[in-house]
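Here is what each chain is made of, one letter per residue.
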Amino acid sequence: DAIIYHMGNSPAHSAFWESLQSLPGVVVLHDYVLHHLMLWHAVNRRKDVRRYRREMAERYGAAGEAVAVQMERGQLTDAVFDFPLVEGVIQQATGLIGHSRYVVDRAQTVRPGLRAAVVPMGVPLPPTPDRAAARSALGLPAEAPIWASFGHINPYKRVEQALRAFARFRQDYPDARYLLVGSVSANYDVRSLVQRLGLSEAVQITGYVPAADFGQYVAAADLCFNGRYPSAGETSASLLRLLGAGRTVLVSDIATFSELPDDVVAHVPLGAAEEGTILAYAQRLAGDTTLRQALERNARSYVAREHTLAGAAAGYARFLAELHGWSSPPLTRPILWEVEPAPEAGDTVEQKAGSVAGSAVGQRAAEIGLLEEDVRLLDRAGERLRSLL
């Protein structure tokens, strides 16, 4: 009934982009800047880097061509964020969904009149974290202030500014720790930076960690820093998970991050005042437990209210119904799922397995908010599962 393409600035989306060119559909634009995707696509899928340079010249003139030449030579530059290469995606879209007003507004300047909607990014709300238990499990000090940054570590995450502020913070809190949790870019020597700042004993760089450990590190943190500049216009799922876990988070005051409410995150301006602002926030929050706890409650409530999976599903349904002229959104009423009766004693192993699979599918479907109109589809899926088992 509707074709939906999720487009983000990752090689994982290369095949989607290729399909979109011949079969237009609704685009969910996760990043406004798709430059790195388009370069990867030209080099690795089309095997034609000249096409990339030609498009940069046609869209952006001499300045675009000059940046293309730099990128081809491996001379990575922040200037690519000024040349998003998203125009072709927007022109092929039959409608557009963004997770922020920032992305939708920018897309509509490229193609005025494009039908578009802001839909929440649904994220699961985790259990309320136990800070003390997480620190004990990770071998971290029980009482020391702990800062943390999460996700892929690269120069755009403003880690240097945060580390410099942290070094000054330790003058008053010498036992403070900073956790850098996530993979590290091959183009960013963060370990040397930590050493130059004299923080080798206070900063822990974990590298990539599995999901269970990631959650423990989130629970252990007092203050999370989620910086960004330049920005690709992304809505950060990892940031929403931090907020959903009820963490106190500092964010760069830029692009989509600026849309977050002031009573949910602390906004850090870019520029000369950046390091000092990070330090001032950290000192205030370390000395004001009541304020920190209020921010933690507000953060969790914001995600529980604004970024639920059910809210995201309803937002998709409403937009698609309006766009395609459906009489009503397909997701309107909750299903009341009934667990199938237990297999009879004489059932075969295959019959028992099929019954268990069917009931488990029903229960999980109810948990994620699938609704009555999906019953026939789920029945077919259940039959398919039974045949496989």
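Structure first, text after, so check above.
Since the structure is predicted, the reported quantities are computational estimates derived from the model, not experimental observations.

Caption draft 1: Summary view of the nonpolar core. Grouped together as the largest cluster of nonpolar side chains are 33 residues, with contacts concentrated most on Met-7, Leu-29, Tyr-52, Met-56 and Val-89. Take this core: its biggest share by element is six residues, from helix H3 (residues 49-72). Among residues more than four places away in sequence, those in contact with Tyr-52 are His-35, Leu-39, Ala-42, Val-67, Ala-68, Met-71, Glu-72 and Leu-85. Counting 32 residues, the second-largest nonpolar core is a separate cluster that includes Ala-148, Ala-245, Val-265 and Ala-299.

Caption draft 2: Highlighting the sheet that holds strand S9 (residues 248-252). If you walk across this open sheet you meet the six strands as S7-S6-S5-S8-S9-S10, and the pairing is parallel. On the outer flanks of this sheet lie strand S7 (203-207) and strand S10 (266-268), each paired with one strand and no other. Here the strands of the sheet are splayed against their neighbours by 20° on average, with no regard to which way each runs. The sheet contact formed by S9 and S10 spans three bridges and is parallel. Its bridge partner lying in S10, Leu-250 is registered against Ala-266. Packed onto the sheet, helix H7 (residues 159-169) meets strand S5 (146-150), strand S6 (177-181), S7 and strand S8 (223-226) and runs at close to 160° relative to S6.

Caption draft 3: Structural detail: the sheet that holds strand S3 (residues 95-98). Judged by pairing direction, the sheet is parallel, and its four strands sit side by side in the order S1-S2-S3-S4 without closing on themselves. The sheet terminates laterally at strand S1 (4-7) and strand S4 (116-118), the two strands that pair on one side only. Each strand axis lies, on average, 20° off the axis of its neighbour in the sheet, ignoring direction. Its contacts with the sheet place helix H5 (residues 101-110) against strand S2 (26-29), S3 and S4, and it is angled at close to 165° to S4.

Caption draft 4: Structural view of the side chain of Asp-222. Here Asp-222 is to be found in the loop between helix H9 (211-220) and S8. A polar contact is formed between the side chain of Asp-222 and the side chain of Arg-131, at a distance of 3.1 Å. Not counting residues up to four positions away in its chain, the partners in contact with Asp-222 are Arg-131, Arg-135, Ala-144, Pro-145, Ile-146, Thr-248 and Arg-292.

Caption draft 5: A look at unusual backbone geometry. In this chain, Tyr-229 is followed by Pro-230 through a cis amide linkage whose omega measures -5°. One can find Pro-230 in the loop between S8 and helix H10 (237-244). Its identity is not glycine, yet Leu-85 carries a phi of approximately 55°, on the positive side. Within the secondary structure layout, Leu-85 lies in the loop between H3 and helix H4 (87-92). Note on Leu-85: relative accessible area 1%, which makes it buried. Within the chain, Ala-255 stands out as a residue other than glycine whose phi angle is a positive 50°.

Reading the values: rules and limits
- Counting from 1, residues in each chain are numbered in the order their sequence is written.
- The predicted nature of this model means local features are confined to residues of pLDDT at least 70 and side-chain atom pairs, given and counted, to a pLDDT of 80 or more, with totals for whole chains, interfaces and linings taken over all residues.
- The basis for every side-chain value is the complete set of heavy atoms in the structure, and neither hydrogens nor water enter the calculation.
- Nonpolar core, defined: a set of buried Ala, Val, Leu, Ile, Met, Phe, Trp, Tyr and Cys residues in which side-chain atoms within 4.5 Å join the residues together.
- Think of it in three bands: with a 1.4 Å probe and only protein chains considered, a residue is buried below 20% of the maximum accessible area for its type, exposed above 50%, and partly exposed in between.
- Comment: elements are numbered from the N terminus, with helices defined as DSSP H or I runs of at least four residues and strands as E runs of at least two.
- Two residues form a contact once any of their heavy atoms are found within 4.5 Å.
- Whether two strands pair comes down to DSSP finding at least two bridges between them.
- All axes here are fitted lines through C-alpha atoms, helices being fitted over the stretch that makes contact, and every angle between N-to-C directions spans 0 to 180 degrees.
- A 3.5 Å cut-off defines polar contacts: any pair of N or O atoms within that distance qualifies, except that in protein one atom must be a possible hydrogen donor and the other a possible acceptor, and neighbouring residues in sequence count only when both atoms are side-chain atoms.

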